[in-house]
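Chain and residue survey
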Amino acid sequence: MFDDLRDLYQEVIFDHNRNPRNFRVMDDANRQVEGFNPLCGDRLTLFLKIEDGVINDASFQGQGCAISTASVSLMTEIIKGKTEAEAETLFTQFHEMTTGKSEDIQLEAIGKLAVLAGVREYPARVKCATLAWHTLDAALKNQAQSISTE
Amino acid sequence: MTTFPVEQIRADFPILQEKIRNKPLVYLDNAASCQKPQAVIDSIVHTYSHEYANIHRGVHTLSVKATDRFEGAREKVRAFINAASTKEIIFVRGATEAINLVAQSFGKSQLQAGDEIVISAMEHHANIVPWQMLCQQIGTVLKVVPINQQGELLFDEYLNLLTDKTKLVAITHMSNALGTINPVKQIVEAAHSKNIPVLLDGAQAIPHMAVDVQDLDCDFYVFSGHKLYGPSGTGVLYGKQALLEAMPPYQGGGDMIRKVTFTETEYAGLPHKFEAGTPAIAEIIGLGAAIDYLNQFGMAAISAYEAELLAYATEQAQQIKGLNIIGQAAEKGGILSFTLDRIHPHDIGTMLDSLGIAIRAGHHCAMPVMDFYGVPATARASFAMYNTRQEIDVLMQGIKSLIEVFG
């Protein structure tokens, strides 16, 4: 019945929505930033533990739609063990993939995150996927205040 | 069902023949904006093709014709809400501008620091923010009437909030997020017993029921044309003549003056005093065409038909496991706001869209209502006179299917 949506709602997204990874408060986090999408009311808190420029742990709390929950869940998985510089590069690549600015983006380079490429066909939903990454970007730049997609 | 001519009405709305994502459009976002009948579209085309010029200025034929049509629309609006005089009908861009006008003109001239303005917990942001801005500007205080879990105004709490300090009540006639229809006549009576004027936000109510401002005895009534099957960019502020006379202009400019020199300006009389600049001429004439269109059927018949639609939709929705209806007031208009367990409203919105069904997902410009129910957002199906039981069946089938897909 929802054949048209297969590119947007892939099984991986349903899986992460049902069982979000790293969904917990991190007591020893040294970065904590709140992300907010005023358009839909989605709110998430991202926790990071960064030591010597390496993201040793990442977790989140909050509620959102399947796209935003899957996006932040996948993100926390993929950035663990990455350096801050590598995470920033991923942010840029992810942003380009979801906003469709770069048609020939190397989907292999961002691995699992490619399941979210479908949002670029749904302009109203792009912010759902990018909220997590904007929040990460703010955390990496050590902006303590909450950030908003608007 | 009644013999309401819904198929005839549907044929009058060209957009209802559109396909969305290869499916017939099921348009259930009427609380955000209604679609337009051919009569309104034709009216705009006719104005620009044959009768357009600026109004109230020219001696030439077209200007006189356009002015006649424009003022004719004012008379149609007056009759539609049974105002006593066309002097009480001010054309604005929409309900939002009308409330801002009252806040800035009536509020600033009649209220002072410490005075209280009573609103309710189910207001649209348009009936919250203008008052908050006024409070910041002149030090008035906002008081909020709470609601119960069904989404009904707590009337006793309302009465308690009416004190010697209360100088204005501003309450919605019908909630856009919950569908609640407020007991506005009693609200007005209670306020008037203490000489407090009342503004009613009629943005949601106006397309769904007969509104008689003299019977309601409200002091201000505001609504938007685009929710009344008319063009966007049109709206109406009704105000009692004596109140409007006492209020200073909201904006200055052309059309609102009698005489201007560099030392002083004499303002025009009502309603022009509040209509600075060139208005949305063709659109307001189009609003008049929308009212003519609705009058063929009568608001009572429209109201009865929509009540049947809502009852059917509610009954069907209650049978879906995991669906929670937000807003279950005893007196309710055609709005079905709901959440689904473990499925976010935005996912509901996207999935239904893929089936050609347009609903709203979000906070509906009523964030305090969302906070009250502890949800970030709801999905909202809102009905109009051109919707059918079959469309509600399509909606319900879509909801059941997406629940299955999410598992």
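Residues numbered from 1 in each chain as written. Chains lettered and ligands numbered in written order. Predicted model: local features only at pLDDT ≥ 70, side-chain atom pairs only at ≥ 80, totals over all residues. Heavy atoms only, no water.

Further remarks concern the interface of chain A and chain B. Counting from both sides, the interface comprises 22 residues of chain A and, opposite them, 21 residues of chain B. In total, chain A and chain B occlude about 1800 Å² of area from one another, counting both sides; carbon and sulfur atoms represent 62% of this. Broken down residue by residue, the surface that chain A buries against chain B is led by Met-1, Phe-2 and Cys-40 of chain A, which jointly contribute 31%. Counting across the interface, chain A meets chain B through 2 salt bridges. Across the pair Asp-4 of chain A and Lys-23 of chain B runs a salt bridge whose closest N-O atoms are separated by 3.8 Å. The set of elements that each furnish at least two residues to the side of chain A that touches chain B consists of helix H1 (11-18) and helix H2 (66-79) of chain A. Per-element tally for the side of chain A that touches chain B: the top contributor is H1 of chain A, with 3 residues. (Contact = heavy atoms within 4.5 Å. Buried area = accessible area lost by both parts, 1.4 Å probe. Salt bridge = Lys/Arg side-chain N within 4 Å of Asp/Glu carboxyl O. Helix = DSSP H or I, 4+ residues; strand = E, 2+ residues; numbered from the N terminus.)

Among the residues of H1 of chain A, Ile-13, Phe-14, His-16 and Asn-17 of chain A are the ones counted as buried. Relative to the axis of H1 of chain A, the buried residues are bounded by an arc of 165 degrees and lie together on one face. (Buried < 20%, exposed > 50% of the residue type's maximum accessible area, 1.4 Å probe, protein only. Arc of directions from axis to C-beta.)

With that settled, consider the sheet that holds strand S14 (residues 335-340) of chain B. Each strand in a sheet pairs with its neighbour through backbone hydrogen bonds, running either in the same direction (parallel) or in the opposite one (antiparallel). Residues and elements named next belong to chain B. Strand order in the open sheet formed by 4 strands is S13-S14-S17-S16, with antiparallel pairing between adjacent strands. Every interior strand has two partners, whereas the edge strands, strand S13 (323-325) and strand S16 (360-362), have only one. Neighbour-to-neighbour, the strand axes of the sheet open up by a mean angle of 30 degrees, direction not taken into account. Along the sheet face, helix H14 (residues 389-406) touches S13, S14 and strand S17 (378-382) and points at about 10 degrees away from the line of S14. (Pairing = 2+ DSSP bridges. Axes fitted to C-alpha atoms, helices over the stretch in contact; angles between N-to-C directions.)

Residue and element names in this part refer to chain B. As for its position among the elements, Arg-78 is in helix H3 (residues 61-81). By relative accessible area, which is 19% here, Arg-78 ends up buried. There is a polar contact of 2.8 Å between the side chain of Arg-78 and the backbone oxygen of Ala-83. Dropping the residues within four chain positions of it, Arg-78 is found in contact with Ala-83, Ala-84, Ser-85, Thr-86 and Ile-89. (Polar contact = N/O pair within 3.5 Å; in protein donor to acceptor, adjacent residues only side chain to side chain.)

Before going further, it helps to examine the sheet that holds strand S6 (residues 141-145) of chain B. Residue and element names in this part refer to chain B. Reading across from one edge, S4-S10-S9-S8-S7-S5-S6 is the order of the 7 strands in this open sheet, with mixed pairing throughout. In this open sheet, the two strands that pair with only one neighbour each are strand S4 (89-92) and S6. Each strand axis lies, on average, 20 degrees off the axis of its neighbour in the sheet, ignoring direction. As defined by bridge partners, strand S5 (residues 116-120) adjoins S6 across 5 bridges and the pair is classed as parallel. Looking at S6, one finds that Glu-116 is bridged to Val-141. Against the sheet, helix H4 (residues 95-110) makes contact with S4, strand S7 (166-172), strand S8 (198-201), strand S9 (220-224) and strand S10 (235-239), and its axis sits at roughly 150 degrees relative to S9, the strand it touches most.

Residues and elements named next belong to chain A. Applying the stated criterion to the full structure yields 27 salt bridges over all chains. Arg-21 serves as the salt-bridge partner of Asp-15, at 2.7 Å between the closest nitrogen and oxygen. What makes Asp-15 partly exposed here is its relative accessible area of 26%. With relative accessibility at 25%, the residue Arg-21 sits in the partly exposed group. Within this structure, Asp-15, Arg-21, Glu-77 and Lys-112 form a network of salt bridges that share partners.

Time to look at the domain arrangement of chain B. All names here are of chain B. For chain B, the assigned domains read domain 1 (6-30 + 298-402) and domain 2 (41-295). Inter-centroid distance (C-alpha atoms) of domain 1 to domain 2 is 28 Å. Counting from both sides, the interface comprises 35 residues of domain 1 and, opposite them, 32 residues of domain 2. For the pair domain 1 and domain 2, the summed buried surface comes to about 2600 Å²; carbon and sulfur atoms form 60% of the total. Along the contact surface separating domain 1 from domain 2 lie 0 salt bridges. Taken together, the elements giving at least two residues each to the side of domain 1 that touches domain 2 come down to helix H11 (299-318), S14 and helix H13 (367-373). Looking at which element gives the most residues to the side of domain 1 that touches domain 2, the answer is H13, with 6 residues. (Domains from an automatic or database assignment.)

Let us now look at a nonpolar patch on the surface. Residues and elements named next belong to chain B. A surface patch of nonpolar side chains, amounting to about 260 Å² of accessible area, comprises Ile-257, Val-260 and Tyr-267. For Tyr-267, the location among the structural elements is in strand S12 (residues 265-267). By relative accessible area, Tyr-267 is classed as partly exposed at 40%. (Patch = residues over 30% accessible without salt bridge, like charges linked within 9 Å, V, L, I, M, F, W, Y side chains within 5 Å. Areas by Shrake-Rupley, 256 points an atom, 1.4 Å probe, with all protein chains shown as cover.)

Residues and elements named next belong to chain A. Viewed as axis vectors pointing N to C, H2 and helix H4 (residues 126-140) meet at an angle of 40 degrees, and their least axial separation amounts to 7 Å. One way to sum up the angle between H2 and H4 is to call them oblique. Here H2 runs over H4; the crossing is right-handed. For the pair H2 and H4, contact is made by Ile-67, Ser-68, Ser-71, Val-72, Met-75, Ile-78 and Ile-79 and by Cys-128, Ala-129, Ala-132, Trp-133 and Leu-136, respectively. Residues that form the contact of H2 with H4 fall into these classes: 10 nonpolar, 2 polar and no charged. (Parallel < 35°, antiparallel > 145°, perpendicular 65-115°, else oblique. Left-handed = near helix turned anticlockwise from the far one by under 90°. Nonpolar A, V, L, I, M, F, W, Y, C, P; charged D, E, K, R; others polar.)

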